[in-house]
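Single-letter residue listing:
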Amino acid sequence: MEKIFYTKKDFEYRNEIRDFLAKELDPIKEEINIKKEVPVELIRKIGKKGLIGPLIPEKYNGTNKGFISHVMITEEISKLNVAVSVTRTPCILDSYTLYRFGNEFQKEKFLKKIVSGEKIASICVTEEEAGSNVAGIKTTALKDGNDYILNGTKKFITNAGLADYYLVWCLTDTKVNPRVGMSVFVVEKGTPGFEIEHPYGLLGLNGVVNGVLKFNNVRIPKENLIGEENKGYQILMSTFNIERITLSSECNGISLAVLNDSKKYARERKQFERLITDFQLIKIKIAEMATKMNAARYLTYGAAKLAMLGEKFAKEASMAKAFASKTAVEIALDGIQIYGGNGYTTLYPMERYLRDAKFFQIGGGTSEIQNLIIAKEELKK
Ligand SMILES: Cc1cc2nc3c(=O)[nH]c(=O)nc-3n(C[C@H](O)[C@H](O)[C@H](O)COP(=O)(O)OP(=O)(O)OC[C@H]3O[C@@H](n4cnc5c(N)ncnc54)[C@H](O)[C@@H]3O)c2cc1C
């Protein structure tokens, strides 16, 4: 299916990425899972290689290769260990947001360093009472002379503590509907009054750092306001669209890995003196896994292609996210079944694929919320 979306150059570029990842990530992909640590040095190398900047022009250290390359890179990293990709994702989202909505000063100061991998980024929206309903945020950033004073708490934040730069969505006008009273700021790690806690672990994504951010009278200069004041909600919706394509590609990376591993295992495992690939029930599983995976990839590459053409792609990104995450979970379950008892052990990566896949039906907007977005668009017609 790649031939529909890739140019000859894309195939060459994929080989280059595969060579890089074979050297830098493949040898440590299991170690990351066991030690529960994504080396920050790896993210820096990924940045240096240009894998954080496919959507960013060369002027700001990007490669400007576009959305199809972004999907391809994300799949390739996620095939090996999706926790690495999930650690990279906030860097992709923050850099895209800074590039689209930031001013020249912010691009020089923050964007270039994120894209090159020198600084790690984090995207901070969710709060105790604002999960699916992002308009429910309560964190405030109120003006004080040339500064804003931040107060509030964010939870479930990826790269909490690891990141140097945090894009934080806050209310700048508490008297109006949050959709027209929200703004986004860059908060630097170490700013007085900004504290980070890690009160829980995660089911999967071993190595991803996730935690709670607390802002207690944190003073932020107005130079850190991204875009116009009170336009944060529109900025967030644009960021979400990129996030959904990225997360879909991460799901597809998991599905690709499960299918590859399952085919290899089934071709070697014998029962009743026959390879298990001789059994029709196993063949049907493989056929259905491959078909669903292709459908998820078509949806994802289709949404990326629309984005590349400058067309609207919000509905397609939601379709890709809802379908690719459901598919990754189903494929991971089928993979475990093909592996039998081995699939349930920590000796093989199948259990990791399943734990990791489940995240994507929740993070970046749950599947229920994706379906609400799709239905809203469909019912307009
Ligand atoms: C590992 C991990 C990493 C994350 N990283 C980040 C991050 O970096 N930055 C960040 O800001 N957030 C992050 N999140 C938060 C994530 O985006 C939210 O968890 C997600 O949006 C869901 O919000 P919630 O957990 O509050 O669930 P809730 O909104 O409480 O939803 C609970 C259930 O109700 C359903 N539901 C809610 N509203 C509706 C509705 N209107 N119709 C039908 N069903 C509905 C949901 O689909 C879900 O099944 C992360 C979460 C996890 C688990």
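Computed from a predicted structure; not experimentally measured.

K.L.:
Please set out unusual backbone geometry residue by residue, giving values where relevant.
P.N.:
Positioned with a positive phi, Asn 61 is a non-glycine residue whose angle comes to about 75°. One can find Asn 61 in the loop between α4 (40-48) and α5 (67-80). What makes Asn 61 buried here is the crowd of 22 C-beta atoms within 10 Å.

K.L.:
Summarise the site of the ligand; cite the residues concerned and give the values.
P.N.:
Close contacts around the ligand come from 22 residues, with Gly 131, Ser 132, Thr 158, Thr 366 and Glu 368 the closest. Elements represented by at least two residues in the shell around the ligand include exactly β1 (121-124), β3 (147-158) and α12 (367-380). When the residues that make up the shell around the ligand are grouped by side-chain class, the tally is 12 nonpolar, nine polar and one charged. Formed jointly, the shell around the ligand draws a minimum of three residues from each of two domains, domain 2 (122-229) and domain 3 (234-380).

K.L.:
Outline the environment of Glu 76, listing residues and values.
P.N.:
Within the secondary structure, Glu 76 is located in helix α5. Not counting residues within four places of it along the chain, the set of residues in contact with Glu 76 comprises Arg 14, Ile 17, Arg 18 and Leu 21.

K.L.:
Talk me through the domain arrangement of the protein; I want residue IDs and the actual numbers.
P.N.:
Per the domain assignment, the segments making up the protein are domain 1 (2-119), domain 2 (122-229) and domain 3 (234-380). Taking only C-alpha atoms, the centre of domain 2 and the centre of domain 3 are 30 Å apart. Split by residue class, the side of domain 2 that touches domain 3 holds seven nonpolar, three polar and no charged.

K.L.:
Let's hear about α5: which residues, and what values?
P.N.:
In a regular helix each residue adds 1.5 Å, so 14 residues correspond to 20 Å; α5 covers 21 Å between its end C-alpha atoms and thus fits that length. Most of α5 sits inside the fold, with 14 of its 14 residues counted as buried.

Rules behind the numbers
- Residues numbered from 1 in each chain as written.
- Predicted model: local features only at pLDDT ≥ 70, side-chain atom pairs only at ≥ 80, totals over all residues.
- Helix = DSSP H or I, 4+ residues; strand = E, 2+ residues; numbered from the N terminus.
- Buried ≥ 20, exposed ≤ 12 C-beta atoms within 10 Å, placed from the backbone.
- Near = placed C-beta within 6 Å.
- Nonpolar A, V, L, I, M, F, W, Y, C, P; charged D, E, K, R; others polar.
- Domains from an automatic or database assignment.
- Contact = placed C-beta atoms within 7 Å.
- Expected span 1.5 Å × (residues − 1).

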